[in-house]
Structures are given as structure tokens and as C-alpha cells.
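# Inside the fold
Listed below, chain by chain, are the residues.
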Amino acid sequence: MRFLDKFFKKKKEEVLWTKCPNCKSLLYVPDLEKNMKVCPNCDYHFTLSAKERIAYTLDEENTEFLFEEILPADPLGFKDTKSYKDRIKKAQEQTGLTEALVVTEGHIKGKKVILAVMDFNFIGGSMGSVVGERFFRACQRALETKTPLISFAASGGARMQEGILSLMQMAKTTIGVGLLKKARIPFISVLTNPTMGGVSASFAFLGDVIVAEPKALIGFAGPRVIEQTIKQKLPEGFQTAEFLLEKGQIDAVIHRKNLKDYLAGLLDKLFYASR
Ligand SMILES: [Zn+2]
């Protein structure tokens with residue numbers, strides 16, 4: 001397959017073939033996209049960009065992105081191998097997004113919802129001040145307009161480059177969800193591959209219903225860190241969606257193809273049927 005690698009390097013903007021990370025089969029990208037980016041051979045769910053996620057979830061209509069005016073800053077003047085400012089700029093160029101969380105309003109099978117969607121391609125979907133603030137405002141918007149909120153998590157955790165400010169977002173997003181609970185507005189959390197660290201330890205695990213995509217990696221610390229700490233071998237399938245379902249930590253594992261129908265059904269049961 002190496003001869004293909006060279007070819008792809010040249011045509012980076014239009015990749016036609018990709019390899020499934022799970023079963024290693026070579027997949028034709030347009031077919032993969034028609035299949036909602038699920039491997040036709042092994043059912044591996046590829047990580048989606050925020051835009052793809054929105055397209056697969058909402059009814060086709062003009063959707064508007066909310067809170068785009070809240071933009072990342074560099075409060076600590078942080079620099080590691082690269083400056084934080086440069087990292088943000090590069091992520092913005094690569095993803096076409098302004099931050100790792102996109103908030104939008106729309107309908108799922110005719111039912112109005114607010115979506116908060118993370119994009120793992122934007123600095124590992126890490127939660128910094130802007131992700132926290134946008135999520136909180138999504139909660140406020142849901143409250144004001146009496147509309148259910150659905151979040152799609154895809155994150156490595158807190159954004160290290162913002163230090164303690166990123167950890168504060170765990171408290172802020174938790175308060176946001178608390179406001180919805182008090183007002184009995186549903187919050188549904190969808191965990192996608194991967195949902196780790198400060199995101200799983202805050203809003204992602206606070207849904208009235210917590211759903212995950214098949215085989216998604218979900219946890220706090222990574223398996224290697226845990227193994228080194230407890231000096232024990234971890235059970236098979238540890239930190240997968242299926243494992244968490246078996247242990248009662250989440251409510252359902254839903255295939256991407258059925259997710260929209262499932263969410264529409266939940267919205268009815270939790271909210272719209274009684275209106
Ligand atoms: Zn596969």
C-alpha cells in the first residue's frame with residue numbers, strides 16, 4: 001500500500017481512500033461518508049467533525065451557530081513546544097472552526113433542540129474557557145427557550161494550556177446542567193470516541209440520559225496510566241461503551257445509524273409528548 005501513501009500526500013485536500021483503524025481494510029471515502037463514516041466491514045465508528053455530526057443529526061435546514069463571538073484568548077501567555085496562540089491559530093485553520101465546541105439550534109425529526117457538539121480535531125477537543133462558556137450559554141439558551149439540550153462529547157479532557165482556568169470549566173458546565181435540572185428541561189449526553197478527562201468528569205456524565213456510540217473509549221485517565229498506578233492488568237474491553245453499559249454507568253449504546261431516531265424518541269418521551 002506504500003505506493004498509495006505518496007499519492008495521497010500530494011492530494012491531501014481530496015483523500016479518496018482511507019484505512020479503517022480497527023480492521024485495516026481500505027475504504028473508499030465517498031462510500032464511507034454515505035455510510036455515516038461507519039466501517040462497512042467491522043462497524044468501526046470513525047470520529048466525526050462537528051460539522052459532520054450536525055449534518056447527521058439535525059433535519060436539513062438552515063442552522064445557525066451560536067456564541068461564535070466568544071473566542072479563545074491566551075490568559076497565561078502559555079508556551080510549550082509551541083505557543084498556545086499558534087496552536088489555536090493552526091487548529092482554526094485546519095478545522096475551519098473557531099473553537100472545539102460548536103453550539104447550534106435546529107430540529108431532530110421536527111423536534112426543536114439545542115446541540116452542543118465537540119470537535120476532537122480542534123486541540124483534541126480539549127475543554128478550555130471558551131468551550132466551558134459556550135456550553136454554559138447553551139444551557140442558558142435551553143432554559144430561556146424551554147428547549148431540550150443534547151451534547152456530543154469528543155474530548156481528551158481539560159485544556160492544559162489554560163491551567164486552572166480550564167479546570168474551572170468543570171464546575172461551570174456542571175452548574176449549567178444544574179439549572180436545566182431545576183427547570184426540568186431535558187439534557188441528553190452522547191459520548192463519542194473518545195470522551196476522557198475533565199469532560200467525562202463534568203457535563204458529559206450528567207445527562208438525564210447518557211448514550212454512547214459503539215466501542216467508544218470513555219473514561220477519566222487513560223488505561224496505561226491506570227495500569228501503572230494500580231499495577232494490575234485491566235479487564236478486556238475496559239473503558240469501552242459496552243463495558244460501561246454492562247457496569248451500569250451509561251444508559252444505552254446506540255449505533256450511529258439509529259442515533260437520530262433514538263434521540264427523536266427520547267425527546268418525545270422526556271419532553272414533547274407531555275406538552
Ligand atoms: Zn473496519
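These numbers come from a predicted model, not from an experiment.

Checked against the element boundaries, leucine 270 lands in helix α10 (residues 256–270). Each C-alpha atom of the pair leucine 270 and valine 209 lies 9.6 Å from the other, and the pair is 61 residues apart in sequence. Those residues in contact with leucine 270 that sit more than four places away from it in its chain are Pro148, Pro186 and Asp208.

Looking at the secondary structure, you find leucine 149 in strand β6 (residues 149–155). Assessed through the 26 C-beta atoms surrounding it within 10 Å, leucine 149 is described here as buried. Separated by 85 residues in sequence, leucine 149 and glutamate 64 place their C-alpha atoms 15 Å apart. Among all residues touching leucine 149, those that are not within four sequence positions of it are Ile114, Ala116, Ala138, Cys139, Ala142, Leu180 and Phe187.

Looking at the assigned domains, one finds that the protein chain contains domain 1 (1–44) and domain 2 (46–274). Just the C-alpha atoms count here: the centres of domain 1 and domain 2 sit 26 Å apart. Counting residues at the interface gives five residues for domain 1 and eight residues for domain 2. Across the side of domain 1 that touches domain 2, the residue classes break down as three nonpolar, no polar and two charged.

Through backbone hydrogen bonds, the strands of a sheet pair up, either in parallel or in antiparallel fashion. On the basis of which strands lie adjacent, the open sheet formed by seven strands has the order β3-β4-β5-β6-β7-β8-β9 and mixed pairing. At either end of the open sheet lies a strand with only one pairing partner, and these are β3 (64–66) and β9 (252–253). Taken together, the four bridges between strand β5 (residues 111–118) and β6 define a ladder with parallel strand orientation. Its bridge partner lying in β6, alanine 116 is registered against serine 151.

Moving on: the pairing of strand β7 (residues 187–195). Across the nine residues of β7, nine count as buried, placing the element largely inside the fold. Judged from the six bridges that link them, β6 and β7 form a sheet pairing that is parallel. Paired with alanine 153 across the bridge in β7 is leucine 191. Remark: the β6/helix α6 (residues 163–182)/β7 crossover connection has right-handed handedness. Two elements, β7 and strand β8 (residues 209–212), share four bridges in a ladder whose sense is parallel. What sits directly across from leucine 191, in β8, is alanine 212.

A few words on the environment of leucine 259. Looking at where leucine 259 falls in the secondary structure, it is placed in helix α10. Taking the C-alpha atoms as reference points, leucine 259 and lysine 112, 147 residues apart in sequence, are found 16 Å from one another.

Procedures and definitions
- Residues numbered from 1 in each chain as written.
- Predicted model: local features only at pLDDT ≥ 70, side-chain atom pairs only at ≥ 80, totals over all residues.
- Helix = DSSP H or I, 4+ residues; strand = E, 2+ residues; numbered from the N terminus.
- Contact = placed C-beta atoms within 7 Å.
- Buried ≥ 20, exposed ≤ 12 C-beta atoms within 10 Å, placed from the backbone.
- Domains from an automatic or database assignment.
- Nonpolar A, V, L, I, M, F, W, Y, C, P; charged D, E, K, R; others polar.
- Pairing = 2+ DSSP bridges.
- Right-handed = clockwise from strand over helix to strand, strands pointing away.

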